[in-house]
Amino acid sequence: MKALHDKIAVVTGAGQGNGRAIALRLASAGASVFCTDLRPDLLQDLEQEGTKSGFDIETGVYDAKSPSAATHLISRVSNKYGRLDIMVNNAGGIKAQPFLEVTEETWDWTIDLNLKGLFFHMQSAAIQMVQQRSGTIINLASVAGIDPGLTLSPPYAASKAAVMSLTKSAAAKLAEFGITVNAVAPGIVKTAFNTTLDQEIGVAMENRPQGEWLRLRAAGIPLGRISVPEDVAGVVAFLAGPDSSYITGETITVSGGLNMR
């Protein structure tokens, strides 16, 4: 019997990177996974991968910034499956701007996506889970929220620190209903997210050859490599499974030791 057999999961921002790896890992463990993203082409590709692998993956285009979208999403999943066991709030983003150049537009976009939208997805999921008196919520934070001194975006670091705070608040309030709430804080991950930053900062701003900026960032990682999405997905799968049933209100850092510096 697979660890997540008969479990129903939702993963936001699942079109690529960490979200895609998380969706596939949960599905491989036996869960039925509903995945959201803003790009239908990425979701279609994910569904095709799931079908090829024999996984139960369904997708829908939803805006992770929108509270009303969160309500509709959870209602759709709950009506179809009759329950919701695992909510993974992975959707997030960054617009790299130095402290003195951050605009109000960047601030609002970052907070709406990384914090406001995440909170209302948590809330909508929790309403269903309270009725069941069971479930687990997993939020994607970042080492930027733990050590913001070298952040590429102050609003991003602030939003991820707040995610860890919300995780504890929710864990404290939902424990009596048998619901666990935890966060995962990745470090530097080999995704389109960081490839874009390499282009925008390393190439465009610092005139470095493509890839050099990322290699320099990796130089400070004790384990000697940038992580891959599967590193993050494995920890999420652990938190979603029965072996973590006595863990709540925690943030697990997945950074190859980067946060020890």
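Structural data are supplied above this passage.
Residues numbered from 1 in each chain as written. Predicted model: local features only at pLDDT ≥ 70, side-chain atom pairs only at ≥ 80, totals over all residues. Heavy atoms only, no water.

A. Local environment of the overall build of the protein chain. Within the protein chain, the secondary structure is distributed over 8 helices and 7 strands. A compact globule built from 261 residues should have a C-alpha radius of gyration of about 18 Å, and the protein chain, at 18 Å, falls within 12% of that. With respect to the three principal axes, the spread of C-alpha positions in the protein chain is 55 × 40 × 35 Å. By the burial criterion, 51% of the 261 residues in the protein chain qualify as buried. Restricting the contact set of the protein chain to residue pairs at least 6 apart, pairs at least 24 apart contribute 71%. Taken as a whole, the protein chain presents about 12,200 Å² of accessible surface, with 54% of it coming from carbon and sulfur. Where the 22 positive side-chain charges of the protein chain centre and where its 25 negative ones centre are 4 Å apart. (Helix = DSSP H or I, 4+ residues; strand = E, 2+ residues; numbered from the N terminus. Rg over C-alpha atoms; globule rule 2.2 N^0.38 Å. Buried < 20%, exposed > 50% of the residue type's maximum accessible area, 1.4 Å probe, protein only. Contact = heavy atoms within 4.5 Å. Areas by Shrake-Rupley, 256 points an atom, 1.4 Å probe, with all protein chains shown as cover. Lys, Arg positive; Asp, Glu negative; His and termini not counted. Charge placed at Lys NZ, Arg CZ, Asp CG, Glu CD.)

B. Looking closely at the pattern of salt bridges. One pass over the structure, following the stated rule, counts 10 salt bridges. The residue Arg20 makes a salt bridge to Asp45 at a minimum N-O spacing of 3.0 Å. Of this pair, Arg20 sits in helix H1 (residues 17-28) while Asp45 sits in helix H2 (residues 40-53); the two residues are 25 residues apart in sequence, bridging distant segments of the chain. Put simply, Lys80 and Glu58 hold a salt bridge, and the shortest N to O gap is 2.2 Å. With Lys80 in helix H3 (residues 67-81) and Glu58 in strand E3 (residues 56-61), this pair connects stretches of sequence that are 22 residues apart. What makes Lys80 exposed here is its relative accessible area of 51%. Three or more residues are tied together by salt bridges with common partners; here these are Glu58, Arg76 and Lys80. (Salt bridge = Lys/Arg side-chain N within 4 Å of Asp/Glu carboxyl O.)

C. Examining the side chain of Thr110 more closely. Within the secondary structure, Thr110 is located in helix H4 (residues 104-132). If we skip the residues at most four places from it in the chain, Thr110 touches Gly93, Leu115, Pro155, Tyr156 and Ser159.

D. Broad picture of helix H8 (residues 229-240). Across its 12 residues, H8 extends 16 Å between first and last C-alpha, which sits within 8% of the 16 Å expected from 1.5 Å per residue. Of all the residues in H8, the buried ones are Pro229, Val232, Ala233, Val235, Val236, Ala237, Leu239 and Ala240. Along its buried surface, H8 packs onto H1, strand E4 (86-89), strand E5 (135-140), strand E6 (179-186) and strand E7 (251-254). (Expected span 1.5 Å × (residues − 1).)

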